[in-house]
Amino acid sequence: MATKNSVLQALNSLKDGEFLSGEELASSCSVSRTAIWKAIKSLEDDGYKIEAVTNRGYKILSAPDKLDAKIISSFLTNYGDYKLQFFTFDEIDSTNSEAKRYAASVGAFRDAAGNLTEKGKSAHLSLFAAETQTGGKGRLGRTFVSPKDCGVYFSLLYSPRGGVKNPALYTAAAAVSVARAVKKLYGEDSSIKWVNDVFLAGKKICGILVEGIANFETGCIDAAVVGIGINIRKNPALEGEITKIAGSIEEAKSLKGEKMPNISKNDLIAEVVRNLIEFYGAFENSDEKIKSEMIQEYRALSMLTGQSVNVNPVAGTNGESYKATVKDVDEEMRLVVQTESGEIRKLSSGEVSLHSYDFV
């Protein structure tokens, strides 16, 4: 480990166009050439891309794209009187599950007067991010595949004054936050499939799961756990029918013959979270202007408006599937549809599919 760190430090000190030979590295580190070769291989295993040129030596082409709480926090300022805190993991079952475990250790976020408790203050605005999830979760008990080096997977714990009044609004704001970040950082125009999926080049690149933390004494939802997974690069493990639905930002760029910009995971997470906090703060402070702008932006990004769809009630509820035309998304983030008989319905739950397969 000491040799690897010494080699990394030496290579990081090089100026553009410079190389360090194996002999020079061995001498400066007081080890054998074999030990240098092993250190180089270990760095490559860690995700460093290292160029080796005969008679010149080694140089680093790029460093691994790893989560770093300090880097994420450097992009964000504190929100009001509350300090943002960050937890990063190499591997975890689910960032949403970790956020809920953390919330359970806090107990009640707010007292009877609606003020944050001391523990609630420490938990409010906590971010949990992981390199990979072994049990990533989607809506209705589905799995969100979360492979290492393919995307970002994170959850924000947020406790608004008065509790969470409209979870669908929080989900919609998360979708718009992702769409804004993808546009700003990657230059790509995405679309939203009601209510929680973001699509790019006809494929789903992002899933969102908002879960509530209930206060059984007050009967309110004290806090929201906002889980977001964004596919940055193609997942080589995916094959078969799922590849017709699941995509990535990298694949969308490739279809246009464009190269991926050098955007780190930390940049992307910070940009999405910055948008989230702006929207959620507006909801909490009754800023109708920002709220209205978010809703209008969501409507403009809706991929279902004007489309003929199949409406499938949530599993376990009464009702049969039916065909309808999507007319709009209302102020409560309900999907407004018109059935074949002309009846207008406003959906607050359920699954909607286009063509012969579901977008899930």
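Below or above, wherever it landed, is the structure these notes cover. (Residues numbered from 1 in each chain as written. Predicted model: local features only at pLDDT ≥ 70, side-chain atom pairs only at ≥ 80, totals over all residues. Heavy atoms only, no water.)

1. Topic: the pattern of salt bridges
Our working rule: For salt bridges, the criterion is a side-chain nitrogen of Lys or Arg within 4 Å of an Asp or Glu carboxyl oxygen. Strands here mean DSSP runs of E at least two residues long; helices mean DSSP runs of H or I at least four residues long; both are numbered from the N terminus. Relative accessible area decides the class of each residue, using a 1.4 Å probe on protein chains only: under 20% of the type maximum gives buried, over 50% gives exposed, and in between gives partly exposed.
Following the criterion strictly, the structure yields 24 salt bridges and no others. Note that Glu-284 is salt-bridged to Arg-161, the shortest N-O span being 3.3 Å. Within this pair, whereas Glu-284 is found in helix H9 (residues 265–284), its partner Arg-161 is found in the loop between strand E5 (151–158) and helix H7 (167–186), the two being separated by 123 residues in sequence. Arg-161 sits in the partly exposed class, given a relative accessible area of 46%. In this structure, a network of salt bridges that share partners links the residues Glu-188, Lys-253, Lys-256 and Glu-258.

2. Quick notes on the packing of H7 against H9
So the rule is basically this: All axes here are fitted lines through C-alpha atoms, helices being fitted over the stretch that makes contact, and every angle between N-to-C directions spans 0 to 180 degrees. Working definition: roughly parallel below 35 degrees, roughly antiparallel above 145 degrees, roughly perpendicular at 65 to 115 degrees, and oblique for all remaining angles. In this scheme the handedness of a crossing depends on how the near helix is turned from the far one: anticlockwise by less than a right angle means left-handed, clockwise means right-handed. Only heavy atoms matter for contacts: two residues are in contact if any of them lie within 4.5 Å across the pair.
At their nearest, the axes of H7 and H9 sit 8 Å apart, and the two run at 140° to each other. By the angle between their axes, H7 is oblique relative to H9. Seen from above, H7 lies across H9 with right-handed handedness. Across the interface between the two elements, Leu-169, Tyr-170, Ala-173, Ala-174, Val-176, Ser-177, Val-178, Arg-180, Ala-181, Lys-184, Leu-185 and Tyr-186 of H7 pack against Asp-267, Leu-268, Glu-271, Val-272, Asn-275, Leu-276, Glu-278, Phe-279, Tyr-280 and Phe-283 of H9.

3. Focus: the side chain of Thr-95
This is how it is decided: What qualifies as a polar contact is a pair of N or O atoms within 3.5 Å, subject to a donor-acceptor requirement within protein and to the restriction that residues adjacent in sequence count only when both atoms come from side chains.
Within the element layout of this structure, Thr-95 appears in helix H5 (residues 95–106). At 2.7 Å, the side chain of Thr-95 forms a polar contact with the side chain of Ser-155.

4. A word on unusual backbone geometry
Backbone torsion omega between Trp-194 and Val-195 reads -5°, so that peptide bond is classified as cis. By the secondary structure assignment, Val-195 is in the loop between strand E6 (191–193) and strand E7 (197–200). Positive phi is not limited to glycine here, since Leu-125 has a value of about 65°. Structurally, Leu-125 can be placed in the loop between helix H6 (118–123) and strand E4 (126–130). Positive phi, normally seen in glycine, also occurs at Ala-201, with a value near 55°. Note on placement: Ala-201 falls in the loop between E7 and strand E8 (203–215).

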